[in-house]
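These are the residues of each chain, in order.
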Amino acid sequence: MINRKEILDDAKKIVIKLGTTSISNEDGSLNTEFMEKVAAQVSELHNAGKQVILVSSGSIGIGIEILNLNCRPKEIPVRQAAAAVGQGFLMQHWMEAFRKYELNVAQILLTYDSFTNRLTYLNLRNSISTLLSYGVIPIINENDPICVHEIEATLGDNDKLSAMVASKTEADVLMLLTDIDGLYNKNPKRHDDALLLNTVEEITPTIESYGGSPTSMKGVGGMRTKIAAAKICNMAGCYMVIANSNVDNVISRVLSGENIGTLFLANQFVHKNRIRWIILGKASGIIKVDSGAKKAISNSMSLLPSGVLEVEGDFDRGDIVKLECNGEVFGKGITDYTSEELKAIKGKHTDMIAEILGYKNYDHVIKKENIGLLK
Ligand SMILES: Nc1ncnc2c1ncn2[C@@H]1O[C@H](COP(=O)(O)OP(=O)(O)O)[C@@H](O)[C@H]1O
Ligand SMILES: N[C@@H](CCC(=O)OP(=O)(O)O)C(=O)O
């Protein structure tokens, strides 16, 4: 039996994500009452010596309200304009909510690229830890006005972003506050017989199949992105809780170990920060390897050109690439050769690199220290 008190009571660094559904009222206006309640609970945690980072959604919803756009626009430029208008308003209200407790807040706007560039990633970590050391509450959102994802034609989601922040800052717990009691085995807004899960020990394909989209027009990712966030947290050794923001004193009560919401357990085997950065970073291409190379990599060896079968994408030295074997991506790494160079030396013995390219930078394609395995 999982002892929630033992796990959560001890948490020192906590990331709390407030979804659009929690931060705004039904009519689209800002739920300032809720923000004040959050500030009160966060200040209590702060006084108890805990470090709290907030990830706040809501800029698009509030921007829509301010600009008097009477429906939920789908066009990206309109949503981006709404985000730019709403973000200042959102921060102004957070500032007011925390002023009562004499706490300063700081705005940090991120894109997924903030996690891909190692230098930006390290700078971000340093500024967050400096803010925390000054007793400031960092409030993070995605930098929506400049951010369009290639794959989805919509703006990104703060569930995954908050998990990346939790992973990066080595938080103990990520709490996702939303409009529902936790993860159910099907969307309870559509199915009366849906059952709430108390604890998720492992994110299996069955758990992933519960990840439906939001039912309201307000939320962005629904449970699908919350489960994706749980996977990132699990890998980072960070516990995650999905709970209903309507529960009285939800933050304090979850952290004191009460049986509220769904708890996702953390993996006890945690990757080093650098490896997590590689695994979470955006890949510029794929290196397909044979099963012998996969076996060697799984035994903590470097990737040599002889194990490379094919190269996809256009990448430079120092880029992050996916490692694939028999159609399955099993890891990521930082390549020491460009895609062009690799196409020339794939399948060849290391001794032939200099002859083929006219030079040799390294014996390996990817150094063992620069490889992160996904399982
Ligand atoms: N299996 C499920 N369990 C719980 N909620 C689900 C499930 N599948 C889909 N949902 C939907 O996810 C919504 C919460 O996600 P979302 O609207 O994106 O909230 P937020 O704005 O807080 O991120 C719920 O209100 C519900 O409509
Ligand atoms: N960055 C966007 C929110 C994106 C998002 O993830 O929304 P939600 O799923 O409601 O938390 C905003 O501030 O409106």
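Along each chain, residue indices are assigned from 1 in the same order as the chain's sequence is written. All chains are assigned letters beginning with A, and all ligands numbers beginning with 1, in the order in which they are written. Owing to the predicted nature of the model, reporting of local features is limited to residues with pLDDT of at least 70; listing and counting of side-chain atom pairs is limited to 80 or more, with chain, interface and lining totals taken over all residues. Derived side-chain values reflect all non-hydrogen atoms in the structure, with water molecules and hydrogen atoms excluded from consideration.

- The name that an unreviewed UniProt entry assigns to the chain is Glutamate 5-kinase, with the source organism given as Methanococcoides methylutens MM1.
- Its UniProt record gives the chain the following Catalytic activity (unreviewed entry) comment, quoted word for word: "L-glutamate + ATP = L-glutamyl 5-phosphate + ADP".
- Of the chain, the UniProt comment under Sequence similarities (unreviewed entry) reads exactly: "Belongs to the glutamate 5-kinase family." UniProt positions are given in the numbering used here, feature names are shortened, and annotations may be inferred rather than shown by experiment.

## Regarding the overall build of the chain
So, step 1. Under the DSSP-based scheme used, a helix requires at least four consecutive residues in state H or I and a strand at least two consecutive residues in state E, with every element numbered from the N terminus. Helices and strands together make up the secondary structure of the chain, namely 15 helices and 13 strands.
So, step 2. Over its C-alpha atoms the chain spans a radius of gyration of 22 Å, differing by no more than 12% from the 21 Å that the globule rule assigns to 375 residues.
So, step 3. For every residue, the accessible area (1.4 Å probe, protein chains only) is compared with the maximum for its type, and the residue is labelled buried under 20%, exposed over 50%, or partly exposed between those bounds. Out of the 375 residues belonging to the chain, those deemed buried represent 52%.
So, step 4. In the chain, once contacts between residues fewer than 6 apart in sequence are set aside, the share between residues at least 24 apart is 71%.
So, step 5. Carbon and sulfur atoms make up 49% of the accessible area of the chain, which amounts to about 17,500 Å² in all.
So, step 6. Counted as positive: Lys and Arg. Counted as negative: Asp and Glu, with His and the chain ends omitted from the count. Here the site of a charge means NZ on Lys, CZ on Arg, CG on Asp, or CD on Glu. The positive charge centre, built from 41 side chains, and the negative charge centre, built from 45, are 3 Å apart in the chain. Computation of the radius of gyration draws on C-alpha atoms alone. For the globule rule, the value is 2.2 Å times the number of residues to the power 0.38. The contact criterion used is simple: two residues touch if any of their non-hydrogen atoms lie within 4.5 Å. Method for areas: the Shrake-Rupley scheme with a 1.4 Å probe, in which residue coverage is limited to the protein chains shown.

## Structural notes on the domain arrangement of the chain
So, step 1. Domain parsing of the chain yields domain 1 (4-273) and domain 2 (283-373).
So, step 2. Domain 1 and domain 2 are separated by 36 Å when their C-alpha centres are compared. Each domain's extent was defined by an automatic or database domain assignment.

## Regarding the sheet that holds strand E11 (residues 320-325)
So, step 1. An order of E10-E9-E11-E12-E13 is seen for the five strands of this open sheet, with the pairing classed as mixed. The outermost strands of the open sheet, each flanked by one partner alone, are strand E10 (308-313) and strand E13 (371-373). Recorded for the sheet is a direction-independent mean angle of 25 degrees between the axes of neighbouring strands.
So, step 2. Pairing of strand E9 (residues 285-289) with E10, which is carried by five bridges, proceeds in the antiparallel orientation. Counterpart to Ile286 in the pairing with E10 is Glu312.
So, step 3. Axes, fitted as lines to C-alpha atoms, cover a helix only where it is in contact. Angles between the N-to-C directions of the axes lie from 0 to 180 degrees. Of the strands in this sheet, E11, strand E12 (328-334) and E13 are in contact with helix H12 (residues 273-280), which crosses E12 at around 120 degrees. In this analysis, strands are considered paired if DSSP registers two or more bridges between them.

## Section: the pairing of strand E7 (residues 239-244)
So, step 1. Extensive coverage of E7 is indicated by the burial of six of its six residues.
So, step 2. Alternating positions in E7 separate into two faces, Tyr239, Val241 and Ala243 on one and Met240, Ile242 and Asn244 on the other, with burial throughout.
So, step 3. Judged from the six bridges that link them, strand E5 (residues 173-178) and E7 form a sheet pairing that is parallel. The residue of E7 that forms the bridge with Thr178 is Asn244.
So, step 4. Bridge count between E7 and strand E8 (residues 262-264): three bridges; the pairing is antiparallel. Bridge pairing in E8 places Val241 opposite Leu263.

## Thoughts on the pattern of salt bridges
A side chain of one charge can pair with a side chain of the opposite charge if their charged atoms are brought near each other.
So, step 1. Between Lys or Arg on one side and Asp or Glu on the other, a salt bridge is scored when a side-chain nitrogen of the former is within 4 Å of a carboxyl oxygen of the latter. This structure, assessed with the given rule, holds 13 salt bridges.
So, step 2. For the salt bridge of Arg276 with Glu170, the shortest nitrogen-to-oxygen distance reads 3.9 Å. One end of the pair, Arg276, is in helix H12; the other, Glu170, is in the loop between helix H8 (158-168) and E5, with 106 residues separating them in the sequence.
So, step 3. Taking relative accessible area as the criterion, Glu170 reaches 47% and is therefore assigned partly exposed.
So, step 4. We note a salt bridge from Lys186 to Asp193, for which the minimum N-O separation is 3.2 Å.
So, step 5. A relative accessible area of 29% places Lys186 in the partly exposed class.
So, step 6. In this structure, a network of salt bridges that share partners links the residues Lys17, Asp159 and Lys226.

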